[in-house]
Amino acid sequence: MNQASHAPRHRLTTLYCLHQASYFFAIAGIGAFAVTYLMDKGFAASQIGMMLAMTSILSCALQPFIGSYVDRRSMSLLSRIILGFLAIAFVSLLSVELLHPPLAVMAILFVIGSLTFSITVPLSSSLCAYYSQNDYHIDYGMGSGVGSLSFSFASLLIGYMIAAKGSSFMMLFCLMFVVIEILMVLRYPKIESSAAAMHRAAPASSLSLPAFCLRYRRFIVTLLGVMLLAACHAMAENYLIQLFTRLGGGSEHVGVALFLACTTAAPFLLFFEKIQRRTGVISLMRLAGVFYVAKATLFIFAPTINSVYLIMLLQTCTYGFLYPSLYYFVGKRVAIADTAKGQTMASSLYTLGTALGNSIGGTVIDSFGLNAMLALAAAIAAAGMLLINVTISKADAYV
């Protein structure tokens, strides 16, 4: 009987890795190549920027409310909610591709599709936490590592695919992985146990969203620090083309740099669960701020293309230290009854940080130049590091 109970726990890590791989194969096209795809559909650059900004803003606004709804109803609803969002994303994006609607309708459908697809990420983290709370084992770090590897290889593949077959073929290819993700989510086992009965009782003690923010004040301030580090991350990486252009390079060098960053960080992420048991996620989050400041500063003085490649290897110590740590940090700081809110709040503020970094970065480059933008990114990271270090050591009382 004991052996039987261990079998499904081991299988869920593999399932979660396949789930993450299918998501990141799809988002490599739907997200990373969104500009290329939408330009081919006839949108102007300003229109695309507005669509992507709207997607980020709506995602940030909706995630905490969805998490609050799940906490106050039942965590067992997570898989059905994820499936619903994936189905909406699939139908919306397929309609863009097959129905060829007017640009205004196409814009609405694309925003709905990319929004509902991206929202499944924090919900998947909450799903992972739900199974962990019910005595199933999922290696979250390994899932992150598989996702990072999938994204890096998918980005290379999709770049060649668009050149050879066009962006429409790319979108159909990505939608195939959305279907695979739906099949993966359907494979998660139903929890019918005394543990599940305990969790069905938990929503009664779940906090409303305003009450959550009041009770977990230190937690929220720490997440604001994370938001600033995410802004630095976006400013330093999403404008690599300007840095490589200054050094005599081009878009092909951006692809190589991102591939190197993702693949070198992947081994660390694959073993993240074991590493964080020894180091603790609090230490890793403290150090992430230091490395984000160093990375942005080093970019200012990078003399060659190869030096940029070397600096990109700091991905392990920046994104690798920060992003997977958030999942475990929420578990340490937030009560079980508020798990979904905590995970979606962390993801929402991280997403908001990247959106702010994108908008601020472009404006500063146009007005003051690349070095000024990188110096501002380092200053923002320093502010985020300060907020994290001041607030992270002590938990909010929730009992």
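Everything here concerns the structure above.
Reading the values: the criteria
Residue numbers restart at each chain and count upward from 1, following the sequence in its written direction. Reporting in this predicted model follows two pLDDT cut-offs: at least 70 for local features of residues, and 80 or more for side-chain atom pairs to be given and counted; totals over whole chains, interfaces and linings ignore these cut-offs and use all residues. No hydrogens and no water enter the side-chain calculation; it runs on all heavy atoms of the structure. A run of DSSP states H or I qualifies as a helix once it reaches four residues; a run of E qualifies as a strand once it reaches two. Both are numbered from the N-terminal end. Two things to know: the radius of gyration comes from C-alpha atoms, and the globule rule equals 2.2 Å times the number of residues to the power 0.38. Accessibility here uses a 1.4 Å probe with only protein chains present; expressed as a share of the type maximum, an area under 20% marks a residue as buried, one over 50% as exposed, and anything in between as partly exposed. By definition, residues are in contact when any of their heavy atoms lie within 4.5 Å. The Shrake-Rupley method, run with a 1.4 Å probe sphere, supplies the accessible areas, and residue values consider only the shown protein chains as cover. Neither His nor the chain ends contribute to the count of charged residues, in which Lys and Arg are positive and Asp and Glu negative. Working definition for charges: the position is that of NZ of Lys, CZ of Arg, CG of Asp or CD of Glu. By definition, a salt bridge exists where a carboxyl oxygen of Asp or Glu is found within 4 Å of a side-chain nitrogen of Lys or Arg. Classification of ring pairs rests on two measures: the distance between centres of Phe, Tyr or Trp rings, Trp counted by its six-membered ring, which must be within 6.5 Å, and the angle between planes, read as stacked under 30 degrees, edge-to-face over 60 and tilted in between. What a helix should span is 1.5 Å times the count of its residues minus one.

Trainee: Can you walk me through the overall build of the protein in this structure?
Mentor: The helix and strand tally for the protein stands at 18 helices and 0 strands. Compactness check: the protein gives a C-alpha radius of gyration of 21 Å against a globular reference of 21 Å for 399 residues, within 12% of the reference. C-alpha atoms of the protein, sized along the principal axes, occupy 65 × 50 × 40 Å. Out of the 399 residues in the protein, the part that is buried amounts to 55%. In the protein, the share of contacts with a sequence separation of at least 24, taken over all contacts with a separation of at least 6, comes to 86%. Entry remark: accessible area of the protein is about 17000 Å², with carbon and sulfur atoms responsible for 69%. The positive charge centre, built from 23 side chains, and the negative charge centre, built from 13, are 9 Å apart in the protein.

Trainee: How do you make sense of the pattern of salt bridges when you look at a structure like this?
Mentor: In a structure, side chains of opposite charge can pair up when their charged atoms sit close to one another. Overall, the coordinates contain 4 salt bridges when judged by the stated rule. Lys295 is the salt-bridge partner of Glu237, the closest N and O atoms lying 2.8 Å from each other. Of this pair, Glu237 sits in helix H10 (residues 217–237) while Lys295 sits in helix H14 (residues 281–300), placing them 58 residues apart in sequence. With relative accessibility at 8%, the residue Glu237 sits in the buried group.

Trainee: I'm lost on the packing of aromatic side chains in this one. Help?
Mentor: Pairs of aromatic rings are described using the distance from one ring centre to the other and the angle between the two planes. A complete count under the given rule lists 24 aromatic pairs for this structure. Between the aromatic rings of Phe219 and Phe329, the centroid separation amounts to 5.7 Å while the plane-to-plane angle is 25°, which identifies the pairing as stacked. With Phe219 in helix H10 and Phe329 in helix H16 (residues 319–333), this residue pair connects regions lying 110 residues apart in the sequence. Overall, Phe219 belongs to the buried group, its relative accessible area being 1%. With centroids separated by 5.0 Å and ring planes inclined at 70°, the aromatic side chains of Tyr323 and Tyr350 adopt a geometry described as edge-to-face. Of this pair, Tyr323 sits in helix H16 while Tyr350 sits in helix H17 (residues 339–368), and the two are 27 residues apart along the sequence. Given the relative accessible area of 17%, Tyr323 is considered buried. By relative accessible area, Tyr350 is classed as buried at 8%.

Trainee: Would you mind going over helix H6 (residues 140–165) with me for this structure?
Mentor: Helical geometry note: an α-helix holds 3.6 residues per turn, so side chains three or four residues apart project in the same direction. Given a rise of 1.5 Å per residue, 26 residues ought to cover 38 Å, and the 35 Å separating the end C-alpha atoms of H6 matches this to within 8%. Positive backbone phi, approximately 100°, marks Gly166, located one or two places after H6.

Trainee: Teacher, can you tell me more about unusual backbone geometry here?
Mentor: Most peptide bonds adopt trans geometry, and most residues besides glycine take a negative phi value. Residues other than glycine seldom take positive phi values, yet His100 does so here, at roughly 50°. Structurally, His100 is set in the loop between helix H4 (78–99) and helix H5 (103–133). You can call His100 exposed: its relative accessible area is 55%. Here the phi dihedral of Asp135 falls at roughly 70°; this positive angle occurs in a residue that is not glycine. The topology assignment puts Asp135 in the loop between H5 and H6.

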